[in-house]
Structure formats: C-alpha cells, structure tokens
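# Summary of structural features
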Amino acid sequence: MGSVRKFRVWRGDAAGGRLEDFSVEVNEGEVVLDIIHRLQATQAPDLAVRWNCKAGKCGSCSMEINGKPGLGCMTRMSVFADGETVTVTPLRTFPVIRDLVTDVSFNYVKAREMPAFAPPADLKPGEYRMKQVDVERSQEFRKCIECFLCQNTCHVIRDHDDNKPAFAGPRFFIRAAELDMHPLDARGDRKETAVDEQGLGYCNITKCCTEVCPEHIKITDNAIIPLKERVVDRRYDPLVWLGSKIFRRTA
Amino acid sequence: MTELEKHSYDVVVIGAGGAGLRAAIEARLAGKKTAIISKSLFGKAHTVMAEGGAAAAMGNVNSKDNWMVHFRDTMRGGKFLNNFRMAELHAKEAPDRVWELETYGALFDRTPDGRISQRNFGGHEYPRLAHVGDRTGLELIRTLQQKIVSLQQEDGGDDRLRVFAECTVTDLLLDGSRIAGAVGYYRETGEFVLFETPAIVLATGGVGKSYKVTSNSWEYTGDGHALALRAGATLINMEFLQFHPTGMVWPPSVKGILVTESVRGDGGVLKNSDGKRFMFDYVPDVFRKQYAETEEEADRWYTDPDNNRRPPELLPRDEVARAINAEVKAGRGTPAGGVYLDIASRRPAEYILKRLPSMYHQFKELADVDITEAPMEIGPTCHYVMGGVEVDPDTAAAGGTVEGLFAAGEVSGGMHGSNRLGGNSLSDLLVFGKRAGEYAALYVDRLGSRPAAPAAAVDAAVEAALAPLVRENGENPFDVWSDLQQVMQDLVGIIRRKSELEESLKLLVDLKERIGKVSAPGGRRFNPGWHLAIDLRNMVLVSECTARAALEREESRGGHTREDFPQMDAKWRQVNLVCSVGQAGEVELVRKPVPTIRPELLALFELSELKKYMTDEELAMLGDASAESTGRPGQPAKDGE
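Bear in mind the structure is a predicted one, so any value in this text is a computation, not a measurement.

### Here's the deal with the overall build of chain A
For chain A, the helix and strand inventory stands at 10 helices and seven strands. Expressed as a percentage of the 251 residues in chain A, the buried residues total 59%. Look at the contacts in chain A between residues 6 or more apart in sequence, and 64% of them connect residues 24 or more apart. Per element, the accessible surface of chain A, about 10,600 Å² overall, is 53% carbon and sulfur. Each charge class in chain A can be summarised by its mean position, and for the 37 positive and 36 negative side chains these summaries are 3 Å apart.

Here it is, written out as structure tokens:
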C-alpha cells in the first residue's frame, strides 16, 4: 500500500539552516505530521516539531507546507500529486528555535496586554443569564485553537518585525470582538482598545488570516470589519456611544 | 552543585491542563507565589481534547437532578469501587465550579431561559453536561488560561503567578520526607532549572502513550505517577484503564483519535456489519432496570426521558467497549476492524452540524467521511486511567510517606472507581484542582521551617537526565517505545488473562533494561529523541504497576476485564490495590481495604441494587445500620450540609 515519497524539511536554528532531502514511506490516509513522525522514528530522531492532539484541536503543529501555512495534522498526503516533493518549513513570522519549532512568545505577550473579561459587578456565580443567539457570535471566536497561523500569515508582521510592538494581530482582534460581543462583559471600550492599543488600523482587510484559519472562523468579516465599522460609528456619533452605555442588553 | 537556573516558589504546579490551572488559580488567590510548569505551550494541554462537557447537577434542563443523583450515577459507573468521599465532594461542588467559570468569561451553550444548557451522556440519569458544542475542553482550558492572564494583569506582571512553558520536570526533591523542590529542563534549550518549593501539586494527566491505540497526546507518559512513586507516594488501582468505545479506526494514521460520546447522546447508534443495532444484546444485569429493551422505547427516550428508559448505547463506557470488542471478535466488524456509529440515518444534517461541529470537521478532513451522510467506523481506544496517586479525598494530599505533595485530575486515583463516566473528568479536575491548590497553600501556611533541596540530589537528577545524550551507540528510543506500546496493547489491553500478564511483566523487565541503555544523538536543543528517552523511564515504571495490579485482581470490573475471571466479585469490591516503589526501584503491591461508605450515602440506593455489589456480610451489617439511622434504603437522605 505504501509508496516512497520525497520530502524536503528545513533543519537548523537561529544561526541558520538549510533544506534537507529525505525519501520516506507514505501510506494511505496519512497526513504530513505522520510523515514527520516517521522521519523522527527512522531517520532523524532529533528532528524538532511541536504537536499534541493530532486531531486539529490544539493548534500545536503549525508549519508551512509547500509555502502555505497549515496544520501538519490536518494536511492529508492525498492532496499532493504522486511525484510531488513536499517541502516543510517553519512559520516565517516567528524566530526559529530549531527545525520546525519557532518562538511564538510574541503571541503570549500580546495576550497579556489584552484587557481580560470584566465580570458584571451585580451578578453572582450561577446568576448569569444569556440567550443562545447572543452568545453564538462570541462562541465563533472562542473556537480559536491558537495555532497562530493567522498571526503568521498576516503581512503586517510577516515581513515587518518593526510592526510587531504596535500590532496585536488577527488572533487578538477576534478576542477583542469576542469580548465586545460578550453579552455580560462589563467593559465598554473594547473597540477603542482595538484601535488605540492593538493596532487595528494597520489591518487593511486582505483576508489572508481568514483563509488560513483551520477553524474556519470568519476573522475579517465577523470580527475585524465590525470592530472597524463600530469604531467609526462611535467616534463620530456620541449619541450612539451614549446609547450603548445606557441600553446595554441584558438577556 | 551543578550550575543551573534557580527559582523559589511557595507552590509549584506540575501540569497545565484543567486541574493544574485551577489549582494554580486557587494557590495564587490564597496569596501564594505560584509557578505552573507546562510540558507543552500554555493552552495546549490534553484537556482541549475533551469534547462532551463537564458534569454538574445544576438541574437546568431537568429540575429533578441534584448532587445525590449525580453521586449515585458516579458510584454505579465506577462499580462501587470509587472513593465515596471524593464522589460525594465532586457531586456537591461541581455546579459551583462550573458557574465560577462564567465569571472568568466562559460561554457555555444556553437553555431557552438563558441558563447553562446540559446534555445527556452515558451513565448520567439526567441531562447534566455543561457544554459548548463538542469543544468543551477547549472552552475550559482557554477560560482558565485567560483567568490566569487576568490575575497576572492584577499583579502587574508574573512575579506571583508564572507559567514555565515547554518545561519538563524529571525529578522531585525531598528533604527527609518533605517536598523541597523539583528539577526540570526547558525543551527549547535543554538547559536545566531548579524549583525550590515546599509544596507541589501534580496535575500531569494520564498514561495512554504506553499504548499503541490511544486518544492521548504525547504528553501522557505517566510523569506525575512516576514522580509520585519515586518520592514515596502510592498509586491505587492502576489496573483500571478506560478504553473509550468510540475511537476512529480509519485511516490508520488517526487510529485512536476520539469520537465524542455526544454522538450517541444526541441520537447516534452502534451497528455491526450486518446492520444490526447490537447493544440491546449487551445490557448487563446490574443495569437492566435503567435501559430500554426495544428500539422503539430507546428512540422515544430522546424526547420523553421521563416515561422511557435510556438507549443501551448510553451504557457506561466499559460496557460499550466490551460489546464492540465482542462483535468484532465474532466476525461482525467493519473492514478496518471496528463497528459503525450511525447518526446520519437518524438525525437531519442541520442538527448534526449544530450539535457536533467538530466531529463533522474531524471526519471530513481526516477521513473524507461526511457524517451527515455516512456512518463512522469506530472501535475502542485507550482513553483514561482511573487509577492514580492515592490522595486524601478532602485535601488532595498524596498518600505514602511524602509530605507536601498533592495531586488532582487524571493523575490522581479513587474518584472514578473502576470506570469513569463521560463528563466526570472535566468536573473532577475543577473540583479537585481547586481543592489541591487550596490545601497546598494551607500546607505552606502551617509549615514550620522551609525544607531545603539537597545539592547531591540535584546533581544526580541532572546527570540521570543527561545520560541518554552522552551515551553512544545505544538503541533508538523510538524503537524501544514502539516495543513497549506493543507489549501493553497486546498483553495488558482491554481483555486480560493470567498467562499474558505474567508474560508482560517479564517483557517489561527487559524493556526497563533497554530503556537504561538508549542513546539520543543531536544535542540538547529541542531534541525529541532525548525527551522521549527521559519519558520512557516513567512509562515503563507506571506500566509495571498496571500489569502487576491487573495480574493481582482476579475479577472483572469496569476498566479491568479478565477473561479467566469474567465475573465481578463482591469480595474484590472491598480491595484497593496499592503500589509503591522500594529502595532498589522495585514495584511493591499491597491490598488495602476500600473505605466504608457512610450509611446516609448508601441509603441513596435501593437494597436490591446494593446486593449486586456487596457481600452478604456487608449487607447484613447494612441492615443493622440503616435500621438505626436513616430508615429505609431507597429513600434519598436529606442533604445535611
């Protein structure tokens, strides 16, 4: 059943590296991560790769496969032609640690800068009441598995390290949108924060993040654009802003 | 002493899944300087894989539910071998732990009146599982992760609560019998790090990576179990492993990956290759009264649970796994060696997409199967270890000779008895994670002098961890791992027998020796071969405990099935099997009595049910006790607390 296929895998570290060629067995139904594991087990036991669940739920095995950002565990070998060489490289936006493992600490720093959920002061645990239709909008964003493929593919920081301090990236725009749309979040300034502190203005809506999202979250349409639009509303119309404070929806 | 990075904490939590994060939150809220050591990146722990939900008797969907019903279901599921006090605390405290998550920002699915929705699950009498579609574990881990970030924001930094990501602990350090610290290494650099601390919470999860077919992630190498043993703590009932009935069986590369029980809770049924819905043939006597006898009654239950009994597809997991095993063995399996799980022919496509979005996604992308149109091929997969660190039920403190060690979540034992109900894991890790953090903090408060980590032990730990890197021409750790998995899968798997268990113990001795001689070329920076070589030590030690206990227990109960002793034996219900490690590293196993269940808790059961589990002597004593205390068995006692 198996066939032998050609793989090119980037090996190296912060000091530099190169693509290394392998010939490796591939069986029916396998995914790219299976092949990386086979290389580890049979040819290169020190080949560095992150992975956990192997089912597209944890977002650990993000890599670039033939130049396209994706999850190793969700990229089936059957999408490649028989003779096609599969080239696997680390995420380009983040510094390489070793082989396919990159330093993604940028994302954790940005997470710590994001103001947390603010619980409503007047409700005790067990007293929260929310309509399904109202939580669904935020639930879409909470599907995020933090694979950081959207961060990796975003051209604002992909080839512009200098933008990193000012720009939180799509993953944290959906976090802002999630909290903004949370029916009981006590803060009313999520949109302002997105613009003033997260660098939402850098985004010019090319939708690259949406295209690579393995959870199919409509990052641009459902999070970024509404955030941008509502910011415009609010900034130019003090009545809208006031209204949103007074008539906060209590399901 | 070896030169290495040093940190000092009040409480160190090893493991960053649900239990570890909840413990850390509690320790920090108690004012303790707390560290979380995570083997993976922050937020990637195996908890994300939990799909179905967190069981908590909130009574939002069926108001008849309460902690007593939940307690009863948990004890039944565990075949009465559970630590009753843990099951009691769990049932009572789970609702508060779930509601608390909403104050951290969790967004569960809702009932029409806006409360947290609850779903049906195997072994639970009422809809009880708080859930978010079929990605509840992700919601839990993200919520706890974000709560930790919010505490760090309150503190203006991570001095009081810090996450050490991609860091693996290799040894615990003792000052006499007291915990004094832990040694670990950063995966990224291979550099070692010393944590000086008087209190450690183990929250490292399970052991599934010792099996070939498993739903568990690479982290599940029994680290906490082995660390506890080597520090003088004890493990109980390691023979009980849960083989989840529904793992993917095709394609081969995804074999073992979980298919959530919610598929059955939401209407899916099991069929063999003849198209027969076979579970009706496998309802054991102890469950006969609670399960439907006809397809018609079973199908009515989904809409009218008050007047119909449950479908047998929702029997506890051990029963369903054994049934599937038997069907395949009898030649009625699918081409890939499983059975069919069919929801396509029973529910509309929109319903399936709404209720099971991540299952749809998983099958579509990994197997090219549309579950709204075709059945899934599934079979049992090693999923959860019921056994684990023996703990005090109230404080989560580890038993044995060690002080200052606590354990919560899958790494601890007792709560689930011989078999865990689906949904009881997420609630377990919240309830006992909180307790472990709370009592670890209290232990530190009451401490007289702070223990000191002996320098020689630090040096020895570093040297042992480095050995596979410096050793030349040894075996490839991946080869040894594969052999270990084969031994456990074939000889200590879902159905066990004496001769095979004896054989496994011999082979494990060989494997232990081979593991001592592996080499891992390639240097210290993020070297998976080296990491595996270190993990193998833990895997083989814990596997030996499982094999020893499985050989000792001559009965079949929950997650332990002996072909040569197929019946459940009431005498064995009184026995916990307890493992420790001796001076020379050898596993010692003793029998200890199971704690006696308090009379008012026993009164929650009908006498006819207790007869299925208890010896005549116990029943005789029970008659005396109930006559003088709570009156008739079968009448729920009032909650006295």
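Back to the text.
### Comments concerning the overall build of chain B
Along its length, chain B carries 18 helices and 20 strands. In terms of overall dimensions, chain B is globule-like: its C-alpha atoms have a radius of gyration of 24 Å, near the 26 Å expected for 641 residues. C-alpha atoms of chain B, sized along the principal axes, occupy 70 × 55 × 50 Å. In chain B, which comprises 641 residues, the share counted as buried stands at 66%. Accessible surface computed for chain B: about 20,700 Å², of which carbon and sulfur atoms make up 49%. Side chains of chain B give 76 positive and 93 negative charges; the mean places of these two sets differ by 2 Å.

### Digging into the sheet that holds strand β12 (residues 235-236) of chain B
Residues and elements named next belong to chain B. Across the sheet, four strands lie side by side as β17-β12-β19-β20; this open sheet has antiparallel pairing. In the strand order of this sheet, the two ends are held by β17 (388-389) and β20 (587-593), each with one partner. Strands β12, β19 (575-581) and β20 of the sheet are contacted by helix α15 (residues 528-552), whose axis makes an angle of about 45 degrees with β20.

### Considerations on the interface of chain A and chain B
Counting residues at the interface gives 61 residues for chain A and 65 residues for chain B. A buried area of about 5,300 Å², summed over both sides, lies between chain A and chain B, and 54% of it is on carbon and sulfur atoms. Considering only the side of chain A, the residues that lose the most area to chain B are A:Asn52, A:Lys57 and A:Arg142, jointly responsible for 14% of the buried surface there. Here chain A is connected to chain B by five salt bridges. The shortest N-O distance in the salt bridge between B:Lys354 and A:Glu136 comes to 3.5 Å. In this assembly, chain A and chain B are joined by 38 residue pairs in polar contact (both at pLDDT 80 or more). At the level of elements, α1 (32-42), β6 (96-98), α2 (105-113), α3 (132-142) and α6 (170-181) of chain A are the ones that each hand at least two residues to the side of chain A that touches chain B. If one sorts the elements of the side of chain A that touches chain B by residue count, α3(A) sits on top with six residues. In terms of residue class, the side of chain A that touches chain B is made up of 30 nonpolar, 11 polar and 20 charged.

### Remarks on the pattern of salt bridges
Opposite charge on two side chains makes pairing possible when the charged atoms of those side chains draw close. Residues and elements named next belong to chain A. Within this structure, the stated rule accounts for 87 salt bridges over all chains. Here Arg142 ties to Glu178 by a salt bridge, and the two come within 2.6 Å at their closest N and O atoms. Here Glu178 lies in helix α6 and Arg142 lies in helix α3, a separation of 36 residues in the sequence. Taken individually, Arg142 and Glu178 each receive the classification buried, so the pair is uniform in this respect. The network of salt bridges with shared partners includes Arg11, Arg18, Glu20, Asp46, Arg98 and Asp99.

### Digging into the packing of helix α14 (residues 498-515) of chain B against α15(B)
When two helices pack together, their arrangement is given by the angle between the helix axes and the distance between those axes. Residues and elements named next belong to chain B. Between α14 and α15, the least distance of the axes is 10 Å, while the angle of their chain directions is 160 degrees. Considered as vectors, α14 and α15 are oriented roughly antiparallel to each other. The handedness of the crossing between α14 and α15 is left-handed. Taken together, the residues of α15 that come into contact with α14 (itself represented by Lys498, Leu501, Glu502, Ser504, Leu505, Leu508, Leu511, Lys512 and Ile515) are Leu536, Arg537, Val540, Leu541, Ser543, Glu544, Ala547, Arg548, Ala550 and Leu551. Its residues placed into classes, the contact of α14 with α15 shows 11 nonpolar, two polar and six charged.

### Things to note about unusual backbone geometry
Looking along the chain, the bond that leaves B:Trp250 and enters B:Pro251 is cis, with omega of -5 degrees. Tracing the backbone shows B:Pro251 in the loop between β13 (241-248) and α6 (262-265). Unlike most non-glycine residues, A:Asn66 shows phi in positive territory, near 50 degrees. Tracing the sequence through the fold places A:Asn66 in the loop between β3 (62-65) and β4 (68-71). Note on A:Asn66: relative accessible area 32%, which makes it partly exposed.

### What about the domain arrangement of chain A?
Residue and element names in this part refer to chain A. The domain boundaries assigned to chain A delineate domain 1 (3-102) and domain 2 (105-250). If you average the C-alpha positions of domain 1 and of domain 2, the two centres end up 32 Å apart. Facing 14 residues of domain 1, the contacting portion of domain 2 comprises 18 residues. Around 1,200 Å² of area is buried between domain 1 and domain 2 when both sides are counted, 51% of it from carbon and sulfur atoms.

### Quick notes on empty space enclosed by the protein
Residues and elements named next belong to chain B. Applying the stated criterion to the full structure yields seven cavities of 30 Å³ or more. By volume, the largest cavity amounts to about 660 Å³. Around the largest cavity, the lining comprises 49 residues; the ones closest to its centre are His46, Thr47, Gly205, Tyr220 and Glu410. Contributing elements (two or more residues each) for the lining of the largest cavity: α1 (18-29), β8 (167-175), α5 (223-230), β16 (376-385) and α11 (424-445). Considering every element that reaches the lining of the largest cavity, the biggest residue donor is α11, with four residues. Residues of the lining of the largest cavity, tallied by class, amount to 19 nonpolar, 20 polar and 10 charged.

### Quick word on α6(A)
Note on helix geometry: an α-helix contains 3.6 residues per turn, so any two residues three or four positions apart are oriented the same way. In this model, α6(A) (12 residues) spans 16 Å end to end at C-alpha, consistent with the 16 Å of a helix rising 1.5 Å per residue. Among the residues of α6(A), those classed as buried are A:Pro170, A:Arg171, A:Phe172, A:Phe173, A:Ile174, A:Arg175, A:Ala176, A:Ala177, A:Glu178, A:Leu179, A:Asp180 and A:Met181.

### A few points about the sheet that holds strand β15 (residues 339-342) of chain B
Each strand in a sheet pairs with its neighbour through backbone hydrogen bonds, running either in the same direction (parallel) or in the opposite one (antiparallel). Residues and elements named next belong to chain B. Pairing in this open sheet of four strands is antiparallel, and the strands run β13-β16-β15-β14 from one edge to the other. Pairing within the sheet leaves two strands with one partner each, and these edge strands are β13 and β14 (269-271). Pairwise comparison of adjacent strand axes, ignoring direction, gives a mean angle of 45 degrees for this sheet. Of the strand pairs in this sheet, β14 and β15 are connected by three bridges, and their pairing is antiparallel. From the neighbouring strand, Val269 faces β15, where its bridge partner is Asp342.

### Description of the pairing of strand β5 (residues 86-89) of chain A
The two faces of a sheet get side chains in turn, since along a regular strand they alternate between them. Residue and element names in this part refer to chain A. Here strand β1 (residues 3-13) pairs with β5 via three bridges, running parallel. Across the sheet, Phe7 pairs through a bridge with Val86, a residue of β5. Two elements, β3 and β5, share two bridges in a ladder whose sense is antiparallel. Each residue of the ladder has a partner; that of Ile65, found in β5, is Val88.

### Some details on the packing of aromatic side chains
A full pass over the atoms with the stated rule returns 20 aromatic pairs over all chains. Measuring from centroid to centroid gives 5.8 Å for A:Tyr108 and A:Phe148, while their planes differ by 80 degrees, and the two rings are edge-to-face. Residue A:Tyr108 is found in helix α2, and its partner A:Phe148 is found in the loop between α3 and α4 (149-153); the two are separated by 40 residues along the sequence. Classification of A:Tyr108 by relative accessible area gives buried; the value is 13%. Note on A:Phe148: relative accessible area 4%, which makes it buried. On the basis of an interplanar angle of 80 degrees and a centroid distance of 5.4 Å, the ring pair of A:Phe167 and A:Phe173 is categorised as edge-to-face. Of the two residues, A:Phe167 and A:Phe173, both sit in the buried class. The ring of B:Tyr302 has B:Arg347 lying over it, and the distance from NZ or CZ to the ring centre is 4.9 Å. Across the ring face of B:Tyr384, the terminal group of B:Arg420 is positioned such that the distance to the ring centre comes to 4.0 Å.

### Remarks on the nonpolar core
The tendency in soluble globular proteins is for nonpolar side chains to be buried as a group. A:Phe7, B:Phe71, B:Leu172, B:Leu202 and B:Leu405 are the most contacted members of the largest nonpolar core, which has 244 residues in total. Broken down by element, this core gets its largest block of residues, 12 residues, from α15(B). Three or more residues apiece are contributed to this core by two domains, here domain 1 (3-102) and domain 2 (105-250) of chain A. Those residues in contact with B:Leu405 that lie beyond four places of it in its chain are B:Leu172, B:Ile179, B:Ile200, B:Leu202, B:Ala228, B:Ala233, B:Ala396, B:Ala397 and B:Ala398. Counting 17 residues, the second largest nonpolar core, distinct from the first, contains B:Val462, B:Leu469, B:Trp530 and B:Ile534.

Calculation criteria
Residues numbered from 1 in each chain as written. Chains lettered and ligands numbered in written order. Predicted model: local features only at pLDDT ≥ 70, side-chain atom pairs only at ≥ 80, totals over all residues. Heavy atoms only, no water. Helix = DSSP H or I, 4+ residues; strand = E, 2+ residues; numbered from the N terminus. Buried < 20%, exposed > 50% of the residue type's maximum accessible area, 1.4 Å probe, protein only. Contact = heavy atoms within 4.5 Å. Areas by Shrake-Rupley, 256 points an atom, 1.4 Å probe, with all protein chains shown as cover. Lys, Arg positive; Asp, Glu negative; His and termini not counted. Charge placed at Lys NZ, Arg CZ, Asp CG, Glu CD. Rg over C-alpha atoms; globule rule 2.2 N^0.38 Å. Pairing = 2+ DSSP bridges. Axes fitted to C-alpha atoms, helices over the stretch in contact; angles between N-to-C directions. Buried area = accessible area lost by both parts, 1.4 Å probe. Salt bridge = Lys/Arg side-chain N within 4 Å of Asp/Glu carboxyl O. Polar contact = N/O pair within 3.5 Å; in protein donor to acceptor, adjacent residues only side chain to side chain. Nonpolar A, V, L, I, M, F, W, Y, C, P; charged D, E, K, R; others polar. Parallel < 35°, antiparallel > 145°, perpendicular 65-115°, else oblique. Left-handed = near helix turned anticlockwise from the far one by under 90°. Domains from an automatic or database assignment. 1 Å grid on protein atoms, 1.4 Å probe; cavity = no way out; pocket = protein on both sides within 12 Å on 5 of 7 lines; lining within 4 Å. Points joined across faces, edges and corners; volume = space filled by probe spheres on them. Expected span 1.5 Å × (residues − 1). Phe/Tyr/Trp six-rings, centres within 6.5 Å; stacked < 30°, edge-to-face > 60°. Lys NZ or Arg CZ within 6 Å of the ring centre and 35° of its normal. Core = buried A, V, L, I, M, F, W, Y, C linked by side-chain atoms within 4.5 Å.

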